[in-house]
Amino acid sequence: MKATAKTPIHVVWSWVRRQPPKVKAFLAVVTGMAALVLLRFIVHDHDNLFVAAEAVHSIGICVLIYKLMKEKTCAGLSLKSQELTAIFLAVRLYCSFVMEYDIHTILDLATLGTTLWVIFMIRFKLRASYMEDKDNFPLYYVLLPCVVLAVFIHPSTSHHILNRISWALCVYLEAVSVLPQLRVMQNTKIVEPFTAHYVFALGVARFLSCAHWVLQVVDTRGRLLVALGYGLWPSMVLISEIVQTFILADFCYYYVKSVFGGQLVLRLPSGVV
């Protein structure tokens, strides 16, 4: 039988898979930087990247809704991640109403509504399929540090102190909200397609959001950091965006690898996420 001809993408992917971890990490950094350069030239208004990030997040939630409605099961989903997501979206929505009302407010409202629906389905309608024993990430591990950080490191704008603390809290919570979901996947080692699509969508959204902030800083030659305030807050905004991206980078690598390998179910090696 004739061997199936490999496409250039498969050839490159096979070569990458054979490289040691340090080379893979270097290639990932180079690819990320190349993507940032590409986005800088093809997206003229970099604020659109933030809108795109919120839109991709909304698409990810829609994938979850489709899963819940079609398969009638919430197996593999983290209720705690959804609750953290609802908290930071609610806080960010409040900040949008009292500080600035724009397209982000509308997108956040839509995403919050769908997230609350997912929480309702997991808690009540599909409770029997919820893997509570796998969803064992203690929420106080992320909630308490985020609250403490928000109290001590927040914007230095002219808004009321509670609004500034709330703004900081939603930034910090968003950065770590996916950790319980990653714990569930780490415990199960097998991720079914819809959950994998959802988490990959989160990874893409995080990258677009991070790209938005990085390119805004580059375009303003650092003036954006001054506009955000003084002290540690401007740095914490960027660090939070970068942390979000790197938390999901490992999973996204295995997701892409699974897709190119033609696997319907994603199997994660030990130690991933």
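Residues numbered from 1 in each chain as written. Predicted model: local features only at pLDDT ≥ 70, side-chain atom pairs only at ≥ 80, totals over all residues. Heavy atoms only, no water.

Thoughts on the overall build of the protein
Here is the rule we go by: By definition, any uninterrupted DSSP run of H or I lasting at least four residues is a helix, any uninterrupted run of E lasting at least two residues is a strand, and each is numbered from the N terminus. Relative accessible area decides the class of each residue, using a 1.4 Å probe on protein chains only: under 20% of the type maximum gives buried, over 50% gives exposed, and in between gives partly exposed. Here, two residues are considered to be in contact whenever any of their heavy atoms come within 4.5 Å of each other. Method for areas: the Shrake-Rupley scheme with a 1.4 Å probe, in which residue coverage is limited to the protein chains shown.
In terms of regular secondary structure, the protein is built from 11 helices and two strands. Helices and strands appear in the protein in the N-to-C order α-α-α-α-α-α-α-α-β-α-α-α-β. Across the 273 residues in the protein, those meeting the buried criterion constitute 45%. Across the protein, contacts joining residues at least 24 apart in sequence account for 77% of those joining residues at least 6 apart. Accessible surface, the protein: about 14500 Å² in total, of which carbon and sulfur atoms supply 69%.

Observations regarding unusual backbone geometry
Despite not being glycine, K72 shows a phi value in the positive range, around 55 degrees. Tracing the sequence through the fold places K72 in the loop between α3 (47-71) and α4 (79-99). Assessed through its relative accessible area of 58%, K72 is described here as exposed.

A closer look at empty space enclosed by the protein
Here is the rule we go by: Here a cavity means grid points, on a 1 Å grid over the protein atoms only, where a 1.4 Å probe fits yet cannot get out; a pocket means an open set of points with protein on both sides within 12 Å along at least five of seven lines; lining residues are those with an atom within 4 Å of a point. Grid points are joined across faces, edges and corners, and a volume is the space filled by probe spheres set on the points. When residue character is reported, Ala, Val, Leu, Ile, Met, Phe, Trp, Tyr, Cys and Pro are called nonpolar, Asp, Glu, Lys and Arg charged, and the others, Gly included, polar.
On inspection of all chains with the given rule, the structure shows two cavities of 30 Å³ or more. Lining the largest cavity are 13 residues; nearest its centre among them are A53, E54, H57, R92 and E174. Mapped by element, the contributors of at least two residues to the lining of the largest cavity are α3, α4, α5 (103-125) and α9 (193-219). Element by element, the count of residues in the lining of the largest cavity is highest for α3, at four residues. Residue composition of the lining of the largest cavity, grouped by class: four nonpolar, four polar and five charged. Estimates place the volume of the second largest cavity at around 40 Å³. The residue inventory of the lining of the second largest cavity, partitioned by class, reads four nonpolar, four polar and one charged.

Some remarks on the packing of aromatic side chains
For clarity, the threshold we go by: In this scheme Phe, Tyr and Trp rings, the latter by its six-membered ring, pair at centre separations within 6.5 Å, and the angle between planes marks the pair as stacked below 30 degrees, edge-to-face above 60, and tilted otherwise.
For the coordinates displayed, the defined rule picks out four aromatic pairs. Measuring from ring centre to ring centre gives 5.4 Å for F120 and F124, while their planes differ by 40 degrees; the resulting arrangement is tilted. Residue F120 and its partner F124 are located together in helix α5, separated by four residues, close to a single helical turn. When the ring of Y140 is compared with that of Y141, the centres are 4.9 Å apart and the planes differ by 90 degrees; the resulting orientation is edge-to-face. Through a chain of ring-to-ring contacts, the aromatic side chains of F137, Y140 and Y141 assemble into a single cluster.

Brief notes about the packing of α4 against helix α7 (residues 161-176)
Note the cut-off: Interaxial angles span 0 to 180 degrees and are taken between N-to-C directions of axes, which are lines fitted to C-alpha atoms, for helices over the stretch in contact. In this scheme, a crossing is called left-handed if the near helix is turned counterclockwise away from the far one by less than a right angle; it is called right-handed if the turn is clockwise.
Orientation of α4 relative to α7, taken along the N-to-C sense of each, is 145 degrees, at an axis distance of 9 Å. Here α4 runs over α7; the crossing is left-handed. Only N163, S166, W167, C170, L173, E174 and V176 of α7 make contact with α4, whose side of the interface consists of L84, I87, F88, V91, R92, Y94, C95, V98 and M99. For the contact of α4 with α7, the per-class residue count stands at 12 nonpolar, two polar and two charged.

Considering the UniProt feature "transmembrane region" (unreviewed entry) in the protein
Worth spelling out the cut-off: UniProt positions are given in the numbering used here, feature names are shortened, and annotations may be inferred rather than shown by experiment.
If you check UniProt for "transmembrane region" (unreviewed entry), the listed places come out as residues 25-43, 49-69, 105-124, 136-153, 194-215 and 235-256 in our numbering. Taken end to end, residues 49-69 comprises 100% helix and 0% strand; its first and last C-alpha atoms sit 30 Å apart. Summarising residues 235-256: 100% helix, 0% strand, and an end-to-end C-alpha distance of 31 Å.

With respect to a nonpolar patch on the surface
Put simply, the rule is: Exposure above 30% relative accessible area and no salt bridge define the residues that can form patches, which grow by joining like charges within 9 Å and nonpolar side chains of Val, Leu, Ile, Met, Phe, Trp and Tyr within 5 Å. One speaks of a salt bridge when a side-chain nitrogen belonging to Lys or Arg is within 4 Å of a carboxyl oxygen belonging to Asp or Glu.
There is a patch of nonpolar side chains on the surface, built from V147, V148, V151 and F152 and spanning about 380 Å² of accessible area. Mapped onto the fold, V148 is located in helix α6 (residues 140-152). Assessed through its relative accessible area of 46%, V148 is described here as partly exposed.

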